[in-house]
Amino acid sequence: MEPGELVTLAREALPRAYAPYSGYRVAAALLTEKGEVFTGVNVENSSLGLTVCAERAAVAAAVTAGHRQFSRLAVVAEGDAPPLPCGACRQVLSEFAPDLQIFVASRDEEMQKFTLQELLPHSFSFRKK
Ligand SMILES: [Zn+2]
């Protein structure tokens with residue numbers, strides 16, 4: 001699947017984000033090695049610290065469905081800044097896809113491409129690298 005298609009799927013999920021406190025809606029679309037796509041949205045909580053990011057919601061949905069190998073991730077948001085994954089999400093993504101390609105797009109900006117290695121070059125792991 002092309003990155004643009006993945007971004008489109010993330011944009012379609014964006015209205016389902018639950019962000020009543022920040023108003024910053026985020027959606028992610030995660031492509032498995034088998035070609036399936038799982039989406040996630042941010043789910044805020046009134047305690048704020050319990051908020052779940054869209055990226056981790058997508059990973060949880062995919063893993064729940066039995067997928068553990070991913071090739072691409074698209075993240076979109078309504079803000080002006082590119083919605084780069086937070087540190088916690090980068091670490092979670094590195095558990096399953098250290099070579100993940102990440103595409104981010106804000107409301108109006110063009111899509112930007114990163115690798116997870118660029119965003120998190122020295123992730124924590126029990127496994128020897
Ligand atoms: Zn995050």
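Conventions adopted
- Numbers given to residues run from 1 along each chain, matching the order in which its sequence is written.
- A pLDDT threshold of at least 70 governs which residues receive local features in this predicted model, and a stricter bar of 80 or more applies before side-chain atom pairs are shown or counted, although totals over entire chains, interfaces and linings include all residues.
- Side-chain metrics rest on all non-hydrogen atoms present in the structure, leaving aside hydrogens and water.
- For the purposes of this entry, the term helix denotes a DSSP run of H or I that reaches at least four residues, the term strand denotes a run of E that reaches at least two, and both are numbered from the N terminus.
- When a residue's accessible area, from a 1.4 Å probe over protein chains only, is under 20% of the maximum for its type it is buried; when over 50% it is exposed; and in between it is partly exposed.
- In the analysis that follows, any N or O atom pair within 3.5 Å is treated as a polar contact, provided that within protein one partner can donate a hydrogen and the other can accept it, and provided that, for residues neighboring in sequence, both atoms belong to side chains.
- Note on definitions: a residue-residue contact is assigned when non-hydrogen atoms from the two residues lie within 4.5 Å.
- Patch membership needs two things, relative accessible area over 30% and no salt bridge, and members are linked within 9 Å if like-charged or within 5 Å if nonpolar (Val, Leu, Ile, Met, Phe, Trp, Tyr).
- The Shrake-Rupley method, run with a 1.4 Å probe sphere, supplies the accessible areas, and residue values consider only the shown protein chains as cover.
- Throughout this description, the term salt bridge denotes a Lys or Arg side-chain nitrogen within 4 Å of a carboxyl oxygen of Asp or Glu.

Novice: Tell me what's going on with the side chain of N42, and back it up with residues and numbers.
Specialist: Structurally, the position occupied by N42 is in the loop between β2 (37-41) and α2 (54-64). A relative accessible area of 6% places N42 in the buried class. At 3.0 Å, the side chain of N42 forms a polar contact with the backbone nitrogen of V26. With near-sequence residues (within four places) excluded, N42 lies in contact with A17, Y18, A19, Y24, R25, V26, V52, C53 and A54.

Novice: Tell me what's going on with the environment of A13, and back it up with residues and numbers.
Specialist: Within the secondary structure, A13 is located in helix α1 (residues 3-13). For A13, a relative accessible area of 1% translates into the label buried. Distance in space between the C-alpha atoms of A13 and A29 is 8.3 Å, their sequence separation being 16 residues. Non-local contacts of A13, meaning those with residues more than four positions away in its chain, are made with A27, T39 and V41.

Novice: Which residues make up a nonpolar patch on the surface, and what values go with them?
Specialist: On the surface, a cluster of nonpolar side chains totalling about 460 Å² of accessible area is made up of Y18, Y21, V43, L48 and V52. Tracing the backbone through its elements, the reader meets Y21 in the loop between α1 and β1 (26-32).

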